[in-house]
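# Coordinate analysis (summary)
Spelled out from the first residue to the last, the chains are:
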Amino acid sequence: MASLQTGPKKDPGNFRDTINEVARTRGSAVTVFGDFCKMVACALAPRDASGLSIREAEYMETIKGYNKAELDSFAKAMARLITEMEQKPFQDVLGPYYVENASKSTVEARGEFYTPHAVSSLIASMTINPEEVIARGEPITLSDPCVGSGGMILAAAELFAPSKAVDLLRVTAIDISPLACDMTCINTTCWGIPAAVTWGNALTLEEKRTWKNIHWYRVGEDDRQALLKMRDVLNGAFIEEATPERTPAPREADFIIPPPEQRHQGELDFDFFDSLT
């Protein structure tokens, strides 16, 4: 029988090391990181009837620029990312890396900045009463019009995690950056948060594309919303010939996360990962 090794365990490294290693021959860590997030978000996306990711075309287009060794490195980076997320429940580990590596001009031009986890947690606890929501037992909607990497969403979900009630959240998130959308897709999917993420502009109401994660479909949110609309019709909320005076106001989110300029400075969902195998 082989003897057990008693020496210190070798540090497996982290996803940042792997991204930086690939970036040495690619020129830009931000570009490589963006492609990495795109690949991971596509891999975690829901499947179509044929069993392929609904973002398969995006994935195949993204990997064209990399060789097999680099793609193997990305696979290792994803494994290391998941491991780190498990060690830091409901904390955003993607956003800080992006902000650290993005150029100052890019960050300032887009008004991007990272909200510390402690600040996000404070805002979430001041905005939402999880005990009240859980007692009511009905889903609540949470809207973030400039979601970034989803740190505020994670902080809100963390409030419900001890009671295993994260499913009560229904997240709608928007951002002008497709990379931000991919980071949010990764964070919400890995932590079991039902979410619909839109690449668009909350100010101009422009919407380029919306991605709904596997948990959005798992909890049947589209069906729930359809039933709510049907209930409104049956209750006479919408009439055949609506007038400005009689047309009801649009349904609003239960809780809306303020945009950055108004902000003051668990366990991973392994059942989902098992379903991918």
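Everything here concerns the structure above.
A separate point is the pairing of strand 2 (residues 169-175). With five of its seven residues buried, strand 2 lies for the most part within the structure. Of the strand pairs in this sheet, strand 1 (residues 140-144) and strand 2 are connected by five bridges, and their pairing is parallel. Bridging from a neighbouring strand, S143 pairs with T172 of strand 2. For the segment spanning strand 1, helix 9 (residues 151-160) and strand 2, crossover handedness is right-handed.

Orientation of helix 1 (residues 15-23) relative to helix 2 (residues 29-44), taken along the N-to-C sense of each, is 120°, at an axis distance of 9 Å. With respect to their mutual orientation, helix 1 and helix 2 come out oblique. The element helix 1 and its partner helix 2 pack so that their crossing is right-handed. Of helix 2, the residues touching helix 1 (which contributes F15, I19, N20, V22 and A23) are A29, V32, F33 and F36. When its residues are assigned to classes, the contact of helix 1 with helix 2 shows eight nonpolar, one polar and no charged.

Among the residues of helix 3 (residues 56-63), those classed as buried are E58, T62 and I63. The buried residues of helix 3 occupy an angular sector of 120° when the element is viewed end-on, so they sit on one face.

Turning next to the nonpolar core. Ranked by internal contacts, the top residues of the largest apolar core, which has 55 residues, are F15, I19, F33, F36 and I186. With nine residues, the top contributor of residues to this core is helix 2.

A surface patch of nonpolar side chains, about 360 Å² in accessible area, is lined by L227, M230 and L234. Along the chain, M230 turns up in helix 12 (residues 221-234). On the basis of relative accessible area, M230 is assigned to the partly exposed category, the value being 49%.

Take unusual backbone geometry next. Despite not being glycine, F90 has its phi angle at roughly 60°, a positive value. Within the fold, F90 resides in the loop between helix 4 (68-87) and helix 5 (94-101). In this model, K164 sits at a positive phi of 50°, which is unusual for a non-glycine residue. With respect to the helices, strands and loops of the structure, K164 is situated in the loop between helix 9 and strand 2. On the basis of relative accessibility, which here comes to 71%, the residue K164 falls in the exposed class.

Right, let's get into the pattern of salt bridges. Scanning all chains against the criterion turns up 15 salt bridges. One salt bridge in this structure joins R136 and E132, with 3.8 Å as the shortest N-O distance. Here the residue R136 and the residue E132 both occupy positions in helix 8 (residues 130-136), the gap between them amounting to four residues, near one helical turn. Take R136: its relative accessible area is 42%, and that puts it in the partly exposed class. Residue classification places E132 among the partly exposed positions, given a relative accessible area of 48%.

Criteria and thresholds
Residues numbered from 1 in each chain as written. Predicted model: local features only at pLDDT ≥ 70, side-chain atom pairs only at ≥ 80, totals over all residues. Heavy atoms only, no water. Buried < 20%, exposed > 50% of the residue type's maximum accessible area, 1.4 Å probe, protein only. Helix = DSSP H or I, 4+ residues; strand = E, 2+ residues; numbered from the N terminus. Pairing = 2+ DSSP bridges. Right-handed = clockwise from strand over helix to strand, strands pointing away. Axes fitted to C-alpha atoms, helices over the stretch in contact; angles between N-to-C directions. Parallel < 35°, antiparallel > 145°, perpendicular 65-115°, else oblique. Left-handed = near helix turned anticlockwise from the far one by under 90°. Contact = heavy atoms within 4.5 Å. Nonpolar A, V, L, I, M, F, W, Y, C, P; charged D, E, K, R; others polar. Arc of directions from axis to C-beta. Core = buried A, V, L, I, M, F, W, Y, C linked by side-chain atoms within 4.5 Å. Patch = residues over 30% accessible without salt bridge, like charges linked within 9 Å, V, L, I, M, F, W, Y side chains within 5 Å. Areas by Shrake-Rupley, 256 points an atom, 1.4 Å probe, with all protein chains shown as cover. Salt bridge = Lys/Arg side-chain N within 4 Å of Asp/Glu carboxyl O.

Function cannot be read off these values alone, since they describe shape.
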